[in-house]
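Chain by chain, the residues run as shown.
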Amino acid sequence: LDYQPGQSDMLHLDLGFARNWFQIPNTYDQQAAGQDQHQKVLSYNIAPGYIHLFGPSMVLALNPYLRQDQVSYYPSRDPFDDSPATLGQNRRLSNLGVRADLSYSKGIHNIKAGLQVSHEFLTEHFRLGVTDPAYNAPCVDSTGQPIGDPSQTGPGQCAGAGDAPNQSFFPGLVPYDLSRSGSLFFFNGHTDVKEYGFYVQDQIKVGNFTINAGLRGDIYRGLSADAAAEPRFGVSYLIKRTGTVLRASYSHTLETPYNENLILSSATGIGGLGENVFGAQAAHPLAPGRRNQYNAGLQQSLGKYFVVDGDYFWKYTDNAFDFDTLLNTPVTFPISWRKSKIDGVSARLSMPNFRGFSWFTVMGHTRARFFGPEVGGLIFNSPVAANVFRIDHDQAFQQTTDVRYQYKKRGPWISVTWRYDSGEVAGAVPDEAAALALTSDQQVQSGVFCGSTEATLLSPIRACPVAQFGTTRLRIPAPGTYNEDTNPSRIAPRNLFDAGAGFDNLFPHGDKAHFTLTLTVTNLTNQAALYNFLSTFSGTHFIAPRTYQAGIGYVF
């Protein structure tokens, strides 16, 4: 809603509400057990705004806001339908704040200065109980497989049964193991996070140079506290004769912790429940990190119909944040590592509209290297070594190509999109031995085979000659060559195709109000492929199957 009471003033109001509810996808084992988990998210946003013109060169913008997100995760009605654990959560994030800035533009300068104040209210309720007696079994058999005997509650019972102690057994989980007559683990927490930011920036145009310079200061007061001055500088230069733009930039930023399950992750990551119950490797609550980032690039026109744009980025972060998943579910927790180094290149080749045809290709290469140990939060999967490793953002090459044709200016259009991914890191399966130790469900997901025999839910593959072993959806390094930094396991390469058609003006009658129509098919060949597998940060996800979408719009 907009209201203009006078020539120099403008009032604005944004109101938003959203609700989504969905079933959580199951693995084959979970589906067979009857697992039926759900998640609901409710969000609303209230954002008034005020703009005042002091003259042709100066304007004031004032934007207060109130946002709230409520997330509810519901377990199955019968806790023992959930595997390997039943869990639920209710969390709420309320964000109350204001942003104000004053802009001044005259001559070669375009200056903006302002402040941002934010007060976030976090409330978290969480519950968990182990339901699979083999998940935290105190004993293993002669092959190293956990023994799902609920009567065994400690390693002292292993020798009498002829078994061996499980080195991955967490004694602190036993009181919350429902299969061993335990009870649910409950957590309730609340905290406030206050953030204050101040900034000034200037865009200066001198001849063919454009210079962007700025300084920002941030103060963070949450479960931890920090403050930093953050300079930013960028410059670009236009070579008119050749149609070339050269650019470079630098920024120093304060990286603040994610808010999702921040209280639980920090409260249990200081020893206590984090060390004794979940086996986390955290040393202290999540604290802000610092990042230095450099960018360099160029843009080049090739005649009238082609444009090439390339960029190189490099960012180094002390105390680097990411997410950890809980038991391969959408419930995530923020964690932080000692440092990270992420760099890569990207390129875009494009052709503007030429007789109805348009085309673009984007390509990228990213190295994402993290350095342990973990310095905050929880890890629920296997601990990661303290040396350098690649995370699943790392990918050697990916490209997306889109070709579109429109008949005349207002006629129908068609498009085809091709995406190729060389495969992200899948560090949970470093070698053949790790693949053979997967559950039958996980072997089916990753496509394990031995010669002409494929793993099934009833017949997992536990032994296979090296020459006959393989996986269809993973690429595991040759024996003895695995290195979690220089030669990690990866998802198998994949090609995906989408197609679309539609009308930008379904019933042509000028440029006034009109209808639009779009029809889209994603994953046209219905390829079954992994996005990631047993990722420490996001679990296992498959590429969505073939999907048909139709949309109609009214433009006015």
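Residues numbered from 1 in each chain as written. Predicted model: local features only at pLDDT ≥ 70, side-chain atom pairs only at ≥ 80, totals over all residues. Heavy atoms only, no water.

Visitor: Describe the sheet that holds strand β21 (residues 453-454), with residues and values.
Guide: Sheet architecture is open: three strands sit in the order β21-β20-β22, paired in antiparallel fashion. Here the strands that pair on one side only, and so sit at the sheet edges, are β21 and β22 (469-471). Note: strand β20 (residues 448-450) against β21, two bridges, orientation antiparallel. Across the sheet, F449 pairs through a bridge with E454, a residue of β21. (Pairing = 2+ DSSP bridges. Helix = DSSP H or I, 4+ residues; strand = E, 2+ residues; numbered from the N terminus.)

Visitor: Which residues make up the confidence of the model for the protein chain, and what values do they have?
Guide: Residues with a pLDDT of 70 or more make up 94% of the protein chain, whose mean pLDDT is 90. Taken as a whole, residues 269-273 scores under 50 in pLDDT and shows 13 contacts with residues more than four places along the chain or in a different chain. (pLDDT = per-residue confidence, 0-100. Contact = heavy atoms within 4.5 Å.)

Visitor: So what about the pattern of salt bridges? Which residues, and what values?
Guide: When charged atoms on two side chains of opposite charge get close, those side chains can pair. Taken as a whole and assessed by the stated rule, the structure comprises 16 salt bridges. A salt bridge links R404 to D504; its shortest N-O distance comes to 3.5 Å. Highlighted residues: R404 in strand β18 (residues 395-406) and D504 in the loop between β25 (494-503) and β26 (514-522), separated in sequence by 100 residues. Residue R404 is classed as partly exposed on the basis of its relative accessible area, which comes to 24%. Classification of D504 as partly exposed rests on a relative accessible area of 36%. One salt-bridge network, in which partners are shared between bridges, spans R369, R390, D394, D485 and R490. (Salt bridge = Lys/Arg side-chain N within 4 Å of Asp/Glu carboxyl O. Buried < 20%, exposed > 50% of the residue type's maximum accessible area, 1.4 Å probe, protein only.)

Visitor: How would you sum up the state of the cysteines? Please name residues and give values.
Guide: Scanning the model with the defined rule gives two disulfides in all. Between the sulfur atoms of C139 and its disulfide partner C158 the distance amounts to 2.0 Å. Note on the C139 and C158 pair: the S-S dihedral is about -90°, so by sign convention the disulfide is left-handed. In this pair, C139 sits in strand β7 (residues 139-140) while C158 sits in the loop between β7 and β8 (164-165), placing the two residues 19 residues apart along the sequence. Assessed through its relative accessible area of 0%, C158 is described here as buried. Each sulfur in the disulfide pair C450 and C464 lies 2.2 Å from the other. Judged by the sign of its S-S torsion, about 90°, the bond between C450 and C464 is right-handed. With a gap of 14 residues between them, C450 in strand β20 and C464 in the loop between β21 and β22 connect regions that are remote in the sequence. Classification of C450 as buried rests on a relative accessible area of 15%. Taking relative accessible area as the criterion, C464 reaches 13% and is therefore assigned buried. Cysteine pairing for the protein chain (bonded cysteines numbered in sequence order): 1-2, 3-4. (Disulfide = S-S within 2.5 Å.)

Visitor: Requested: an account of the side chain of Q89, with residues and values cited.
Guide: By the element assignment, Q89 lies in strand β5 (residues 85-106). At a separation of 3.3 Å, a polar atom in the side chain of Q89 contacts the side chain of N261. With sequence-adjacent residues up to four places away left out, Q89 is seen in contact with V71, S72, Y73, H125, F126, R127, N261 and V331. (Polar contact = N/O pair within 3.5 Å; in protein donor to acceptor, adjacent residues only side chain to side chain.)

Visitor: Tell me what's going on with the environment of D311, and back it up with residues and numbers.
Guide: Along the chain, D311 falls in strand β14 (residues 306-325). Considered as a pair, D311 and R247 are 64 residues apart in the sequence and their alpha carbons are 9.0 Å apart. Once residues lying within four places of it in the same chain are set aside, the contact partners of D311 are R247, N295, A296, G297, G344, V345 and S346.

Visitor: Give a detailed account of the packing of aromatic side chains, specifying residues and quantitative values.
Guide: Under the criterion given, the structure shown has 17 aromatic pairs. Aromatic side chains Y294 and W314 sit 5.8 Å apart centroid to centroid with 50° between the ring planes, which places their arrangement in the tilted category. With a gap of 20 residues between them, Y294 in strand β13 (residues 289-302) and W314 in strand β14 connect regions that are remote in the sequence. Exposure remark for Y294: the relative accessible area of 40% places this residue in the partly exposed category. (Phe/Tyr/Trp six-rings, centres within 6.5 Å; stacked < 30°, edge-to-face > 60°.)

Visitor: Account for the environment of E424, naming residues and giving values.
Guide: Checked against the element boundaries, E424 lands in the loop between β19 (413-421) and α4 (432-436). E424 sits in the buried class, given a relative accessible area of 10%. With 67 residues separating them along the chain, E424 and I491 place their C-alpha atoms 5.5 Å apart. Other than its neighbours up to four places away in sequence, E424 contacts D392, H393, D394, Q395, S489, R490, I491 and Y531.

Visitor: Explain the nonpolar core to me, using residue names and the numbers behind them.
Guide: Grouped together as the largest cluster of nonpolar side chains are 19 residues, with contacts concentrated most on F126, F185, F187, L326, V331 and F333. The set of elements that each furnish at least two residues to this core consists of β6 (109-130), β9 (185-206) and α2 (262-267). Core analysis: the second largest hydrophobic core is formed by 16 residues, L436, C450, F469 and F533 among them. (Core = buried A, V, L, I, M, F, W, Y, C linked by side-chain atoms within 4.5 Å.)

Visitor: Please set out the pairing of strand β4 (residues 58-74) residue by residue, giving values where relevant.
Guide: In this structure, strand β3 (residues 38-53) lies alongside β4, joined through 13 bridges in antiparallel fashion. Note that in β4 the partner of I51 across the bridge is A61. From the end of β3 to the start of β4, which pair antiparallel, there are four residues. With 16 bridges joining them, β4 and β5 adopt antiparallel strand pairing. Looking across to β5, one finds that D69 is bridged to L93.

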